[in-house]
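Next come the chains, spelled out residue by residue.
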Amino acid sequence: MLTHLRPALAMTLLFTLLTGIAYPLAMTGIAQAIAPEAANGSLIERDGKVIGSSLIGQGFSDPKYFWPRPSAAGKSGYDGTSSSGSNLGPTSKALMARIQGDIDKVKDGSAPVPTELVTASASGLDPHISPAAALYQVPRVARARGLPEATIRDLVLRQAEGRALGFIGEPRVNVLRLNLALDGIARRPQG
Amino acid sequence: MTLIGWLQIALAVGLVLATVAPLGAYMARVYAGEVRFLAPVENGFYALAGIDPRREQSWAGYTMAMLAFNAAGFALLYGILRLQDVLPLNPAGMPAVPPDLAFNTAVSFTTNTNWQAYGGEATLSHFSQMAGLTVQNFVSAATGMAIAIAFARAFARSGATTIGNFWADMTRSTLYVLLPLALVMALAMVLLGLPQNLSGPVEATTLEGGKQAIAQGPVASQLAIKMLGTNGGGFFNANSAHPYENPTAWTNLLELWAILAVAAALTATFGRIVGDRAQGRALLAAMLVMLGAGIVACYGAEAAGNPILAKLGLTEAANWEGKETRFGIATSSLWAVFTTAASNGSVNAMHDSFTPLGGLVPMFNIQLGEIVIGGVGAGLYGMLLYAILAVFVAGLMVGRTPEYLGKKIGGREVKLTMLALLISPMTILVFTALACVWPGAAESLANQGPHGFGEYLYAYSSGAGNNGSAFAGLSANTPFFNITIGLAMLFGRFLMIVPMLAVAGSLVAKPKVEPGAGTFPTTGPIWVGLLVGVILILGGLTFFPALALGPLVEHFAMQAGDLF
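Residues numbered from 1 in each chain as written. Chains lettered and ligands numbered in written order. Predicted model: local features only at pLDDT ≥ 70, side-chain atom pairs only at ≥ 80, totals over all residues. Heavy atoms only, no water.

**Thoughts on the overall build of chain B**
Counting its secondary structure elements, chain B contains 19 helices and 4 strands. In terms of overall size, chain B behaves like a compact globule, its C-alpha atoms giving a radius of gyration of 23 Å where 564 residues would be expected to give roughly 24 Å. Considering only C-alpha atoms, chain B reaches an extent of 75 × 60 × 50 Å along its principal axes. Here chain B holds 564 residues, and 65% of them are scored as buried. Counting contacts in chain B only where the partners sit at least 6 residues apart, residues at least 24 apart contribute 79% of the total. When the accessible surface of chain B is totalled, it reaches about 16800 Å², and 69% of it is carbon and sulfur. (Helix = DSSP H or I, 4+ residues; strand = E, 2+ residues; numbered from the N terminus. Rg over C-alpha atoms; globule rule 2.2 N^0.38 Å. Buried < 20%, exposed > 50% of the residue type's maximum accessible area, 1.4 Å probe, protein only. Contact = heavy atoms within 4.5 Å. Areas by Shrake-Rupley, 256 points an atom, 1.4 Å probe, with all protein chains shown as cover.)

**Side note on the packing of helix α4 (residues 59–82) of chain B against helix α5 (residues 99–110) of chain B**
Residue and element names in this part refer to chain B. Across the interface, α4 lies against α5 with an axial gap of 9 Å and an inter-helix angle of 140°. By the angle between their directions, the pair α4 and α5 is classed as oblique. As for the relative orientation of α4 and α5, their crossing is right-handed in sense. Along its contact with α4, which presents Asn70, Gly73, Phe74, Leu77, Tyr78, Leu81 and Arg82, the element α5 presents Pro99, Ala102, Phe103, Thr105, Ala106, Val107, Phe109 and Thr110. Looking at the contact of α4 with α5 residue by residue, the classes come out as 10 nonpolar, 4 polar and 1 charged. (Axes fitted to C-alpha atoms, helices over the stretch in contact; angles between N-to-C directions. Parallel < 35°, antiparallel > 145°, perpendicular 65-115°, else oblique. Left-handed = near helix turned anticlockwise from the far one by under 90°. Nonpolar A, V, L, I, M, F, W, Y, C, P; charged D, E, K, R; others polar.)

**Focus: the packing of aromatic side chains**
All names here are of chain B. This model, assessed by the stated rule, comprises 25 aromatic pairs over all chains. Plain terms: the ring middles of Phe74 and Tyr78 are 6.1 Å apart, the flat faces sit at 25° to each other, and that makes the pair stacked. With Phe74 and Tyr78 both in helix α4 and 4 residues apart, the pair spans about one turn of that helix. Residue class for Tyr78 comes out partly exposed when judged on its relative accessible area of 26%. Consider the rings of Phe155 and Phe270, whose centres lie 6.4 Å apart with planes at 85°: the pair is edge-to-face. Of the two residues, Phe155 is situated in helix α7 (residues 126–156) and Phe270 in helix α10 (residues 249–273); the sequence distance between them amounts to 115 residues. (Phe/Tyr/Trp six-rings, centres within 6.5 Å; stacked < 30°, edge-to-face > 60°.)

**Let's talk about helix α13 (residues 328–341) of chain B**
Between its terminal C-alpha atoms α13 of chain B stretches 20 Å, which fits the 20 Å expected from 14 residues at 1.5 Å a residue. Taking burial as the measure, the 14 residues of α13 of chain B include 14 buried ones, the bulk of the element. (Expected span 1.5 Å × (residues − 1).)

**Quick notes on the domain arrangement of chain A**
Along its sequence, chain A is carved into domain 1 (1–40) and domain 2 (42–184). Of note, the centres of domain 1 of chain A and domain 2 of chain A, computed from C-alpha atoms alone, are 39 Å apart. (Domains from an automatic or database assignment.)

**Notes on the interface of chain B and chain A**
Listed by partner, the interface residues are 111 residues for chain B and 101 residues for chain A. Interface of chain B and chain A: buried area, both sides summed, is about 8300 Å²; carbon and sulfur atoms make up 68% of it. At the boundary of chain B with chain A, the tally comes to 2 salt bridges. Where Asp126 of chain A meets Arg326 of chain B, a salt bridge forms, and the shortest distance between an N and an O atom there is 3.9 Å. Applying the counting rule to chain B against chain A returns 46 residue pairs in polar contact (both at pLDDT 80 or more). Tallying contributions element by element places helix α8 (residues 166–191) of chain B first for the side of chain B that touches chain A, with 12 residues. Within the side of chain B that touches chain A, the residues separate by chemical class into 69 nonpolar, 30 polar and 12 charged. (Buried area = accessible area lost by both parts, 1.4 Å probe. Salt bridge = Lys/Arg side-chain N within 4 Å of Asp/Glu carboxyl O. Polar contact = N/O pair within 3.5 Å; in protein donor to acceptor, adjacent residues only side chain to side chain.)

**Topic: the environment of Ala38 of chain A**
Within the element layout of this structure, Ala38 of chain A appears in helix α2 (residues 36–39). Under the relative-accessibility criterion, Ala38 of chain A is labelled buried at 12%.

**Re a nonpolar patch on the surface**
On the surface, Ile30 and Ile34 of chain A together with Leu187 and Leu191 of chain B cluster together into a nonpolar patch covering about 340 Å² of accessible area. For the nonpolar patch, the elements supplying multiple residues, two or more each, are α1 (5–34) of chain A together with α8 of chain B. Looking at where Leu187 of chain B falls in the secondary structure, it is placed in helix α8. Classification of Leu187 of chain B as partly exposed rests on a relative accessible area of 32%. (Patch = residues over 30% accessible without salt bridge, like charges linked within 9 Å, V, L, I, M, F, W, Y side chains within 5 Å.)

**Structural notes on the confidence of the model for chain B**
Of the residues in chain B, 100% have a pLDDT of 70 or more, and the chain-wide mean is 95. Interface scoring of the predicted complex returns ipTM 0.96; its pTM is 0.97. (pLDDT = per-residue confidence, 0-100.)

**What about the pairing of strand β2 (residues 49–53) of chain A?**
Residue and element names in this part refer to chain A. Most of β2 sits inside the fold, with 4 of its 5 residues counted as buried. Relative to β2, strand β1 (residues 43–46) runs antiparallel, the two sharing 4 bridges. Bridging from a neighbouring strand, Arg46 pairs with Lys49 of β2. Connecting β1 to the antiparallel partner β2 that follows it, the hairpin turn spans 2 residues, and Asp47 within it adopts a positive phi of roughly 50°. (Pairing = 2+ DSSP bridges.)

**What about the pattern of salt bridges?**
Summed over the entire model, instances satisfying the criterion amount to 23 salt bridges over all chains. Measuring nitrogen to oxygen at the nearest pair gives 2.8 Å for the salt bridge that ties Glu321 of chain B to Arg98 of chain A. One end of the pair, Glu321 of chain B, is in the loop between α12 (307–310) and α13; the other, Arg98 of chain A, is in helix α3 (residues 93–106), on a second chain. Taking the relative accessible area as the measure of exposure, Glu321 of chain B reaches 1% and is therefore buried. In this structure, the salt-bridge partner of Glu403 of chain B is Lys408 of chain B, at a minimum N-O distance of 3.2 Å. Note on Glu403 of chain B: relative accessible area 9%, which makes it buried. Given the relative accessible area of 36%, Lys408 of chain B is considered partly exposed. Connected through shared salt-bridge partners, Arg69 and Asp126 of chain A together with Glu324 and Arg326 of chain B make up one network.

This is the structure in structure tokens:
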């Protein structure tokens, strides 16, 4: 074992310098040079202030905004320093009670509630909902804003993203971007 | 299940298969010492460490070198975690990691498990992530690859005494395979939207006027090697479900490829080293049969969903709890199968919230020993142990001395093989039983009833199998779980490797015999069928009682509408 002591210690230190210091620092330098926006977290600013990241979901509860999926990140959800799923299993009483509570919250009319709108995501930071889940909320948002449903529905359809090449990924709407666009309508001078 | 879902699955599997031949051939050249484009770095490392790469080692020397290197890596990582509060690059001001958690984490990353009893963004400094974890992501994977290559040499050589030089094999794995792949992948990931910075959390003012802190860090560089090295330890708690680790369907596809790419290609490398490429293809075929069965079962269960939910008046019964909108049911299920087929253990959906049968598939994949393509290196040598067992069973049936690749398999090899293969089931079942009766352990459970038992069983399977994924509802950051899962990881890694290398030492000394009329052919469908059969019978019989108490009972309870 002693004959291996020097190689073991030396190799551990050398590989720490190469793969633990040089590699991540070089990648940081390159990333900051070629793709600074992504490398710094794809942050969105409005009026010079950071209002979130286009990749990270954000909590909404005001009826005039579209709501995201339930979140188990942090104590009150959408905590960007504490990502987590609920980890509740399919026969959990706590899960069924939570889902029933979320159904009662979003239920609007007699149509069935979109499943993913009342199920928590894996990260607790899911920035998306499905177009169906956004369209489901159109009547509520329209009422709260005093705008015609058609205007809001058009906005949702414009913000919806499809599958890449027609089959990769899932159709989705970025909730924060959609809500920003909503605020954009409200800010536009009427006339 | 949808056609589009299956097309996405076919694309990911197709990508993995497309790189098997070229990457496998390249790695064969690396281990033959023919690839030298970083020769100054490589030779510099050897010189500073006092290593002669041409001096080969016996199996015992190889094993001692591997153990010494892993012990040094463990010590350094433990030290970094304990001292991270005074080390640089700690913008969020993380305190030192407590001893039991530091032990668990250091074992976890040196054994290529990457079980995480902590939440990355809530516990670790950037320095710990980079100089601690990222390093072990490289070298623990390189260790597994080196061992697999040494085992392959044992079949290729005739009447020899040495199986290679550990330092050379490990260094070449890192410099010529893992590092170049990681550089390219990290770059691609940055271009596809991943963060790569050294900042602390960013404060955002939300549209509704609230505050949201968003954790940052060198994510892309760590993610690349976490996927390629079948490590699986996420920068963030939510791992590859976190939008910063996996923001789009494209990153998802590339990460899925990276889970299996190196391990699948090693079967082709093996075929080239033993001089018969059909042997490598036969092993890959057996792996693919089991991979396909797992995908069908898991995707089927998740798409069918939960009948209890269906009664609540929702649009679809498919199991969306713990899954991300952008990935959907198909690639979330596919990921669960890939990550446990390999010893990767990263997740893009929460396995704890899977349906009972959907969650059974990843658990069973791990329990079989992750030989369904498997971890880098670990998958290949695990599969070779099963191959030895399968020729032994075939030999018993016809009353001939079994042979594999021209090596006669004797009593010593079969005994050591069984020892290596039984360590992991014993560790899993004994520790699971212990957790069931340990006072206070049940307080860590997030779910009750059979699903709670499943959380224990999954945890020790993941530990002993060096996988690292979890039924993550289990609050495993307690001294009891940190220590027992830490031990399970050590047993599952090293108590398997040592007898396995002893088999290599015994095989390398044997002369290679020419195949005769009575030699059982180890290529073709009959062999693949036999190999899969031996794996399923051994795995199935060992784990059926435990699985019956967990996921199977839960499945019938869910069908009956029972809640716990």
